[in-house]
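The lines below spell out each chain.
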Amino acid sequence: SPAQPTRTLGLMIYETLYSRDSALNPHPHMVEGHTIEDDGKRWTMKLRPEQWFHDGTPVLARDCVASVRRWFKRDQIGSFIEGRLDALEAADDRTIVWRLKKPFPFLAAALAKTQPTCPIMPERLNIDPYKMAPECIGSGPFRWVADEFVTSVRMVMAKWERYVPRPEKVEYGW
């Protein structure tokens, strides 16, 4: 949803591979960083260790690939990137490999979009991109407490104890 409250809630629950600082520059968020090879056509991204979804499962590269593929269908720049893609795969549990037909130097910036974001969720929840996910399971600093939700009355978030923020300080613009 483009609604600001929904976006804010999503940023509390879900993490993204990249985020933006206060000057709108992209920075690695869930990833340690990336390498670019093959004249800009191959991007390799490595996930930070010790990231966990709110259901207690580890965040894996295959979860990220499934989430990005879902985002491709819902976002204009995502659709553009998908059209330039030869392959997107999880090489191992922490490594995401992008093989592009031609270079796209703005990949990190596209993945750092703030609206709509590219939220990372467990692969099992990446259903039809035009249907709402059956659960709100992310890896962000807060988890959704579904059994305390009352429509138009109460929404409860709880601190996610296993959340590990990036080690360096980044001045975020949101």
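A brief look at the structure comes next. (Residues numbered from 1 in each chain as written. Predicted model: local features only at pLDDT ≥ 70, side-chain atom pairs only at ≥ 80, totals over all residues. Heavy atoms only, no water.)

**So, helix α1 (residues 4-13)**
Moving on, step 1. Those residues of α1 not exposed but buried are R7, L9, G10, L11 and I13.
Moving on, step 2. Buried-residue contacts for α1 involve β7 (142-144) and β8 (157-159). (Buried < 20%, exposed > 50% of the residue type's maximum accessible area, 1.4 Å probe, protein only. Helix = DSSP H or I, 4+ residues; strand = E, 2+ residues; numbered from the N terminus. Contact = heavy atoms within 4.5 Å.)

**Focus: the pairing of strand β6 (residues 95-100)**
Moving on, step 1. Of all 6 residues making up β6, 5 are buried, and the element is well covered by its neighbours.
Moving on, step 2. Adjacent in sequence and paired antiparallel, strand β5 (residues 85-92) and β6 are bridged by 2 residues. (Pairing = 2+ DSSP bridges.)

**Observations regarding the nonpolar core**
Soluble globular proteins: nonpolar side chains tend toward being buried together.
Moving on, step 1. Ranked by size, the top nonpolar core spans 38 residues in total, and within it L17, M45, L47, I96 and W98 carry the most contacts.
Moving on, step 2. Contributions of two or more residues to this core are made by α1, β4 (42-47), α2 (61-74), β5, β6 and α4 (107-111).
Moving on, step 3. Considering every element that reaches this core, the biggest residue donor is α2, with 6 residues.
Moving on, step 4. The contacts of M45, once residues within four sequence positions are left out, are Y18, V31, G33, H34, R94, T95, I96, W98, L107 and L111. (Core = buried A, V, L, I, M, F, W, Y, C linked by side-chain atoms within 4.5 Å.)

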